[in-house]
Every structure is written in C-alpha cells, then in structure tokens.
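Spelled out, the chains give:
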Amino acid sequence: MQTYNLAVIPGDGIGVDVTAAAMTVIEATAQRHGFAVTSQQFDWSCAHYLETGAMMPEGGIDTLRTFDAILLGAVGWPETVPDAVSLHGLLLPIRKAFNQYANIRPHRLLPGVEGPLKAKDFDILCIRENTEGEYSGAGGRVHQGMANEVAVETAIFTRTGVERILRFAFDQARARRGHVTSVTKSNAQKHSMVFWDEMTRHVAQDYPDVTMAMMHVDAMAARMVMAPESLDVVVASNLFGDILTDLGAAIQGGLGFAASANICPDRSGPSMFEPVHGSAPDIAGRGIANPIAAIWSAAMMLDHLGEAAAAKAILTATETATGQGIGTRPGQQSTDDITTAILTALETQA
Ligand code: NAD
Ligand code: IPM
Ligand code: MN
C-alpha cells in the first residue's frame, strides 16, 4: 500500500486546532481511498522558542527534508515573540529551503457561503511568488534611534525567479480558462516591476493560447471587489500576492476558507500546505476556528501527492457540509462540529 509520511507543524494559536481537524479528515480519506498516512508532529512554535531560544532546532530543515509533505497550521504569537523573529525562524526559511517558489491560493465561494459581494460566480487562482521579491530579507538600518535613521528593505527579483513563477502561472491557466493577469506596479517601481512586465511579455510569447493582461496592484485590489468573475489566474510578486490573497479570502467569505499550497515544482524537497490565515490570537483557545481552509489545504496536499480522487472527495465533502449551512457563518459551529460534518459527508459519499 502506498504510504505517505507527513511532517505536521501545528504551530501557534488556532494552527493547533485546524491541523488536528485536517489530520482527522486526511486519515479518514486514506482509509477509504486505499493509501496510508504516517505522520510525525513537531511542536515548533513560539512556545518552543520561549523554551529553547529557537523556533526550530538546528538541523530542523534537514529533518523536514525526509518527509513527503509538510502540513502547517500557523506561526506567530506576537504577544510573546516578535513576528519578525517567529516567521523568519520557521515559516519563511522552510519556503526558501525547499524552493517552494509557487504559492497557489484558490479563491471561490463554497456552496452556502454568502461572501460580502454581489458577485458570486468567481473562480480565481492566485499564483504568488514565494521565495524572493519583497521578502528577500536584504537591507538594514543605520543610525538607529537618531533623527537621520534610515531603514532599507531591498526587493530582489531574479530572472530565474521571475521567469519560473510566470511560466508556472501560464501553465496553470492552460489547465483552466486560459487567462493570466500579471500584477505589477511599474508605474511607480521602475526597476523590479518594469523587469517583471518585460518578463511577463517574454513568457507570454510561449503561450499563444493563453490571453494575458497586466494590471497594477492597486487596480487589481479594486477589480477583485468590483468584478472578480473577470479573473482567472492572477500572478503576483511575494508581497503583492500576500496582500491580494487576504483580499481573496475576504471575498470568499473569510480567512477560514482560504487554502494555500507552497509548491516545490521540481520536487527536490517537500511541498508545504497551510491555510492562508494566521494563528488568530483573538479567537485562539475557544474551539471556534473554521478548519475548512486547513482541510482544503490538506486536499491540495493529497492532490500534489498523486491522490487526486481523495483530494476531490475531501473537497466534495466540504462542499456538501457548507451546502447544508455548516461552517458558513463565523462562530456558528465549533471547529469540531464542522470537522464532524465533513467526516460524515465523506463517509456517506458514493
Ligand atoms: P490572522 O489570519 O491570524 O487573523 C485575522 C483575522 O481573521 C482575525 O480576526 C481572526 O480571528 C480571523 N481568522 C483567521 N483564521 C480564521 C479561521 N480559521 N476561522 C475563523 N476566523 C479566522 O492574522 P493576524 O491576526 O494578522 O496574525 C496573527 C498571527 O499569525 C501573527 O503572528 C501573524 O504574523 C501570523 N500569521 C501567520 C501566518 C502563517 O503562519 N502562515 C499567516 C498569517 C499571519
Ligand atoms: C501568509 C502570511 C505570511 C506571509 C507571514 C506570516 C510571514 O501572511 O502566508 O500569507 O506574508 O507570507
Ligand atoms: Mn498573508
């Protein structure tokens, strides 16, 4: 029997609840679809940092390398550990170390979910560059605390990095409705984004069957609210993609519905699957986090591992549950109740 070995990093806050929910669903699905899952849980988190002085132990990346995939909840507990420490100590190094340069984030309304917009019939796939750009970590501060203090954050865009994410996006569009919108800001950013636009035009030449448009990120933010159904694949740099995918989450009913896959396309290392949302300190510990984003991310993981039927089964079961009004309104049902409804829908599938 095919067995997948998963590294599970629940992390902080509601990350713990939603990964537990996702694991229950994965295990139930595995039984029904004839594969097995083994997993090892890592308690790498802000609590771990406070105990040990590190978000993950030395050699943590090498430990993760041996797994087929990583399931992550959320990282960050700003009350005790600065975000710049926790995120640069765990989540961001994993994305970089395993060359998970393609971050896939789908935005559409599940049945029964109202969403804040009049538009209901949208299906956007955001492809976010995940390893460089504004998140390169280059820069520094001088004259700290002085009147002439300067902080510099250098965005680094390489030809390799930009070309591969654009190709990834155009490939995705081929398997969908054949349209890519490339997010830019070349009216203000005259180096990185002018280069991004040039690369977009260059790559588009190899995809005559895909239509392409370029849109400034500010206009894109408006478009996602005013006419989301006009969008198919949206490709964006690391920071622009980060911001637009929380907007995407909002139009699909909230962060509890937004799934995400950090893909290492050449499979030289494991890919990582996690909801778009964070640790949600405002609702943590109350058992009311929506697990659907994490469960949908788990489905993306099974799809990536080659278990397309199992992935589809999870998504269908989730749609059955939301179609019955389960999990569609914040706080109405508990994390456990939503998970149970999805498990029930899974078990009663033909
Ligand atoms: P957040 O995503 O944690 O929360 C934003 C809002 O959305 C909150 O009101 C929260 O209650 C709500 N929310 C989020 N997920 C939900 C769910 N599943 N069900 C119901 N409501 C949900 O963003 P934040 O408050 O800016 O960040 C909190 C911490 O998480 C910070 O430390 C931040 O850096 C970190 N963070 C981590 C990740 C990650 O690990 N991938 C992502 C985003 C933020
Ligand atoms: C996300 C998160 C992270 C990001 C943070 C927590 C560093 O917001 O996955 O969207 O910006 O990538
Ligand atoms: Mn984000």
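Residues numbered from 1 in each chain as written. Chains lettered and ligands numbered in written order. Predicted model: local features only at pLDDT ≥ 70, side-chain atom pairs only at ≥ 80, totals over all residues.

1. Thoughts on the overall build of the chain
For step 1, the next point in the chain: A count of helices and strands for the chain gives 12 helices and 12 strands.
For step 2, the next point in the chain: Against the 2.2 N^0.38 benchmark of 20 Å for 350 residues, the chain shows a C-alpha radius of gyration of 20 Å, consistent with a compact globule.
For step 3, the next point in the chain: Taken along its principal axes, the extent of the C-alpha atoms in the chain is 60 × 50 × 40 Å.
For step 4, the next point in the chain: Within the chain, buried positions represent 47% of all 350 residues.
For step 5, the next point in the chain: Put simply, 76% of the contacts in the chain that link residues at least 6 apart link residues at least 24 apart. (Helix = DSSP H or I, 4+ residues; strand = E, 2+ residues; numbered from the N terminus. Rg over C-alpha atoms; globule rule 2.2 N^0.38 Å. Buried ≥ 20, exposed ≤ 12 C-beta atoms within 10 Å, placed from the backbone. Contact = placed C-beta atoms within 7 Å.)

2. Things to note about the site of ligand 2
For step 1, the next point in the chain: Around ligand 2, the structure places Gly76, Leu87, Leu91, Asp242, Val276 and Gly278.
For step 2, the next point in the chain: Grouping the constituent residues of the shell around ligand 2 by class yields three nonpolar, two polar and one charged. (Near = placed C-beta within 6 Å. Nonpolar A, V, L, I, M, F, W, Y, C, P; charged D, E, K, R; others polar.)

3. Notes on the UniProt feature "domain: Isopropylmalate dehydrogenase-like" (unreviewed entry) in the chain
For step 1, the next point in the chain: Per the UniProt record, "domain: Isopropylmalate dehydrogenase-like" (unreviewed entry) is found at residues 5–342.
For step 2, the next point in the chain: With 41% helix and 21% strand, residues 5–342 has end C-alpha atoms that lie 23 Å from one another. (UniProt positions renumbered as here; feature names shortened; annotations may be inferred.)

4. A look at the sheet that holds strand 9 (residues 211–216)
For step 1, the next point in the chain: Strand order across the open sheet formed by 10 strands is 2-1-3-12-11-4-5-10-8-9, with mixed pairing between neighbours. Where the open sheet ends on each side, the last strands, each with one partner, are strand 2 (36–41) and strand 9. Pairs of neighbouring strands in the sheet enclose a mean axial angle of 25°, with direction left out of account.
For step 2, the next point in the chain: Across the face of the sheet, helix 8 (residues 217–226) comes into contact with strand 8 (179–184) and strand 9 while running at roughly 105° to strand 9. (Pairing = 2+ DSSP bridges. Axes fitted to C-alpha atoms, helices over the stretch in contact; angles between N-to-C directions.)

5. Observations concerning helix 7 (residues 192–204)
For step 1, the next point in the chain: Here helix 7 spans 18 Å end to end across 13 residues, near enough to the 18 Å set by a 1.5 Å rise per residue.
For step 2, the next point in the chain: Turning to helix 7, the residues buried within the fold contact helix 6 (159–174), strand 8 and strand 9. (Expected span 1.5 Å × (residues − 1).)

6. Considering the nonpolar core
For step 1, the next point in the chain: The biggest cluster of nonpolar side chains holds 101 residues, and the ones touching the most others in it are Ile127, Ile295 and Ala298.
For step 2, the next point in the chain: Among the elements that take part in this core, helix 10 (residues 292–304) stands out by supplying 10 residues, more than any other.
For step 3, the next point in the chain: For this core, the domains that each give at least three residues are domain 1 (1–101 + 265–350) and domain 2 (116–251). (Core = buried A, V, L, I, M, F, W, Y, C linked by C-beta atoms within 7 Å. Domains from an automatic or database assignment.)

7. Some remarks on the domain arrangement of the chain
For step 1, the next point in the chain: Segmenting the chain into domains produces domain 1 (1–101 + 265–350) and domain 2 (116–251).
For step 2, the next point in the chain: Placing the centre of domain 1 and that of domain 2 at their C-alpha centroids yields a distance of 25 Å.
For step 3, the next point in the chain: The interface of domain 1 with domain 2 comprises eight residues on the first partner and 11 residues on the second.
For step 4, the next point in the chain: For the side of domain 1 that touches domain 2, the residue count by class is four nonpolar, two polar and two charged.

8. What to know about the packing of helix 1 (residues 14–33) against helix 10
For step 1, the next point in the chain: Between helix 1 and helix 10, the shortest axis-to-axis distance is 8 Å and the interhelical angle comes to 45°. Between helix 1 and helix 10, the angle falls in the class oblique. As helix 1 packs across helix 10, the resulting crossing turns out to be right-handed. Residue-level contacts link Val18, Thr19, Ala21, Ala22, Val25, Ile26 and Thr29 of helix 1 to Ala294, Ile295, Ser297, Ala298 and Leu302 of helix 10. (Parallel < 35°, antiparallel > 145°, perpendicular 65-115°, else oblique. Left-handed = near helix turned anticlockwise from the far one by under 90°.)

9. Observations regarding the site of ligand 1
For step 1, the next point in the chain: Contacts to ligand 1 come from 23 residues, most closely from Gly76, Gly256, His277, Gly278 and Asn290.
For step 2, the next point in the chain: For the shell around ligand 1, the secondary-structure elements that each account for two or more residues are helix 1 and helix 4 (83–89).
For step 3, the next point in the chain: A breakdown of the residues in the shell around ligand 1 according to their chemical character gives 14 nonpolar, six polar and three charged.

10. Comments concerning the environment of glycine 76
For step 1, the next point in the chain: Here glycine 76 lies in the loop between strand 3 (69–74) and helix 4.
For step 2, the next point in the chain: Residue classification places glycine 76 among the buried positions, given that 23 C-beta atoms sit within 10 Å.
For step 3, the next point in the chain: On a C-alpha basis, the gap between glycine 76 and histidine 304 in space is 26 Å, while along the polypeptide they are 228 residues apart.
For step 4, the next point in the chain: In contact with glycine 76, other than residues within four places in its own chain, are Asp12, Cys46, Asp83, Ser86, Leu87, Gly278 and Ser279.

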